[in-house]
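Observations on chain architecture
Chain by chain, the residues:
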Amino acid sequence: MSKFFRMLGMFTFIGGVLVACSDDDDFSSGNGSGGQTPEIQSAQGIYNHLDDDKGSFNITLSSEDVDFNLSFISDKVADEELLDPILNSESYSVSTSGEKYTLTTETNWIQNDDLSLVTSGNLDVTFNNEIYTIEGTLLDASNNEYHIDFTGPIDIEPVYDVAYEIQNGWYWGDNPFEYPGVGEYMSYFVQGEANSWGELEGDGYYMDLSFFHELAARPWEAQIPNVTYTASTDYEVGTFHIATEEEISNGEPLYKYASLQHVDSEAGINRAVFVTGGSIKVLEVGEHQEVRFNLELQDGTRHIGKYTGFVRQGDEVTVSTFTSDRAIESLTHGYLEFKGESPIAGMDNNRWNLYLLNENVSISPDSYWSSQGTGEYMRLTLYTSADEVNDIPEGTYPIGEEVAGNAGIGSGMELGLDFGTWYYELSNDNTVNYAPIKSGDIVVTKEGDIYNIEINVQDDRENTITANYSAALTFIDNPNPWRSQSNQNSPMIKSANKEKVSKSYTWRKESRRKMAK
């Protein structure tokens, strides 16, 4: 907010304090002798309502040697447009009238720390395709003169109610049941004291919302895309999610939708309201992002706020716990588990699991494949034709969909809900690292009882995991006892399973609202 206070201060006239340059001052343009046209290097502005018809635009044009602080009076900007105030194209003359399309006598320039108030002049403003052109001449009381000739964008901001200081967030990817293909970027913003999760503690402001946009190509590097978001009750690209009137009336909890909390213990304020409309602009500013809010609230008020800084988006999409390649050494023993035919309706392949382990890692086939020891191991899921029931055929198994000849994609959200091909690392019987495998190849050859298995695969963070295995495998015949039960794929069972997974997804997301930063 310091920028706004500095700029506003430039436009505050205090009688008897601000004194124009005198005739004796050394002024490089001369006294009314034609003046200079400085090269403008930057431009910024602040908008504020004046009355029902007018608004003030305080624009600063900066050159290497002089700053011009231009105080325009123009048309009032509608409340819903406050994130994008536009100074209308008009001819503006210096005047004390306070009428529209004038420059107030608080207009000034600052050179060498000396402030000169403008007493006369005219500036023509045009705005087209996000570009301003400002041309004209300004004079002070000593008849010193400058010509303005500027063309370029001007970032004009409103006066903010709140400058947020703390942010925390998580990238969730899509929900395959409710909004497939649309990424969710959940975020908290706080002004005041916050706990370790980024939630308000004590007095201040707290905003909780989710942006929706295209899926991030690399979830572990996700950032909220730099666009303007509008409020929507649907999960759509370019929106932030708000509650419907019915959901509010039904008493749905605030945390499921965009909401605002304001606490001021001294003033007796403790309000928590739904956001019901508005827009949010996210943009890149230097090395950080800036998030600007113009929100309509449940109680009929409007909230204008801003956050500038690093915008965190913790990765809640990928599961892998490491961020570099892995080369597994010395896989010495393993198991070949026959799982039987696929339980999925319409599939005619068999399923197999291979467990390949370091020397100091053991696994218990009779105890749900529980693992012990210290070291690394992998579970490889392979698919074969239905007539392969005694062994897996030689060949290259690419990671992919469930068809004969492929290896299974690693899926599931966490340990205990892990399916397909995975990597694991143990320390003293505890799993310390793990990763689902998403791409790559597994090559199987055989010489007598010896299986030669070459692994070159990638996890969900694009880390490459390589390993080689050359030894016998212990065969475990463990077909699915329910594989012939066709009712497992009835519409009712499928619907129940979908609801179960969707609820699990929602539970995980809500639990992450209390994750440490």
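Everything numeric here is computed off the predicted structure, so don't read it as measured data.

**Some thoughts on the overall build of the chain**
Along its length, the chain carries 3 helices and 34 strands. Taking all 517 residues of the chain together, the buried fraction comes to 46%. Contacts in the chain between residues at least 24 apart in sequence constitute 58% of all its contacts with a sequence separation of at least 6. Surface accessibility of the chain: about 24500 Å² in total, with carbon and sulfur atoms responsible for 46%.

**Re the side chain of asparagine 69**
Its location among the elements puts asparagine 69 in strand E3 (residues 66–75). A distance of 3.1 Å separates the side chain of asparagine 69 from the side chain of threonine 60, its partner in a polar contact. Here the side chain of asparagine 69 touches asparagine 108 through a polar contact of 2.8 Å, side chain to side chain.

**Focus on the pattern of salt bridges**
Should the charged atoms of two oppositely charged side chains come close, the side chains can pair. A full pass over the atoms with the stated rule returns 20 salt bridges. Close ionic contact of glutamate 296 with arginine 302 constitutes a salt bridge, the shortest N to O distance being 3.7 Å. Judged by relative accessible area, which is 27%, arginine 302 ranks as partly exposed.

**Notes on the pairing of E3**
Summarising burial for E3: 9 of the 10 residues are buried, a large majority. Here strand E2 (residues 54–62) runs beside E3; their pairing, made up of 9 bridges, is antiparallel. Residue pairing across strands places isoleucine 59 opposite leucine 70, the latter belonging to E3. Hairpin connection from E2 to E3: 3 residues lie between these consecutive antiparallel strands. Note that E3 and strand E5 (residues 102–103) share 2 bridges and pair antiparallel. Residue pairing in the sheet places phenylalanine 72 in a bridge with leucine 103 of E5.

**A look at the side chain of threonine 318**
Residue placement: threonine 318 occurs in the loop between strand E21 (314–315) and strand E22 (326–327). Residue classification places threonine 318 among the buried positions, given a relative accessible area of 11%. Among the polar contacts listed, one links the side chain of threonine 318 to the side chain of arginine 461, at a separation of 3.0 Å. Leave out the neighbours within four places in its chain, and threonine 318 touches Pro219, Trp220, Asp460 and Arg461.

**What to know about the pairing of strand E24 (residues 349–358)**
Extensive coverage of E24 is indicated by the burial of 9 of its 10 residues. Two elements, strand E23 (residues 331–341) and E24, share 9 bridges in a ladder whose sense is antiparallel. Each bridged residue has a counterpart across the sheet, and for leucine 331 the counterpart in E24 is asparagine 358. Bridging between E24 and strand E27 (residues 375–385) involves 9 bridges; their strand directions are antiparallel.

**Quick look at the nonpolar core**
General note: in soluble globular proteins, nonpolar side chains tend to be found buried as a group. Residues Leu61, Phe68, Leu70, Phe72 and Leu138 are the most contacted members of the largest nonpolar core, which totals 30 residues. Where this core is concerned, the elements lending two or more residues are strand E1 (42–49), E2, E3, strand E4 (90–94), strand E7 (114–128), strand E8 (131–140) and strand E9 (145–152). Tallying contributions element by element places E3 first for this core, with 4 residues. Setting aside residues no more than four positions away along its own chain, phenylalanine 68 makes contact with Pro38, Ile40, Ile59, Thr60, Leu61, Asn108, Trp109, Tyr146 and Ile148. Core analysis: the second largest hydrophobic core is formed by 29 residues, Leu336, Trp352, Leu356 and Leu473 among them.

**Quick word on the packing of aromatic side chains**
The tally for this structure, following the rule as stated, stands at 27 aromatic pairs. Through pairs of rings, three or more aromatic residues link up here, namely Tyr164, Phe189, Phe293 and Tyr307.

**Let's talk about the environment of aspartate 75**
By secondary structure assignment, the location of aspartate 75 is in strand E3. With 18 residues separating them along the chain, aspartate 75 and phenylalanine 57 place their C-alpha atoms 9.5 Å apart. Beyond its immediate sequence surroundings of up to four residues, aspartate 75 is in contact with Tyr47, Asp53, Lys54, Gly55, Phe57, Asn88, Lys100 and Tyr101. A polar contact is formed between the side chain of aspartate 75 and the side chain of tyrosine 101, at a distance of 2.8 Å.

Conventions used here
- Residues numbered from 1 in each chain as written.
- Predicted model: local features only at pLDDT ≥ 70, side-chain atom pairs only at ≥ 80, totals over all residues.
- Heavy atoms only, no water.
- Helix = DSSP H or I, 4+ residues; strand = E, 2+ residues; numbered from the N terminus.
- Buried < 20%, exposed > 50% of the residue type's maximum accessible area, 1.4 Å probe, protein only.
- Contact = heavy atoms within 4.5 Å.
- Areas by Shrake-Rupley, 256 points an atom, 1.4 Å probe, with all protein chains shown as cover.
- Polar contact = N/O pair within 3.5 Å; in protein donor to acceptor, adjacent residues only side chain to side chain.
- Salt bridge = Lys/Arg side-chain N within 4 Å of Asp/Glu carboxyl O.
- Pairing = 2+ DSSP bridges.
- Core = buried A, V, L, I, M, F, W, Y, C linked by side-chain atoms within 4.5 Å.
- Phe/Tyr/Trp six-rings, centres within 6.5 Å; stacked < 30°, edge-to-face > 60°.

Note that every value here comes from positions in space, so none of it alone points to a role or purpose.
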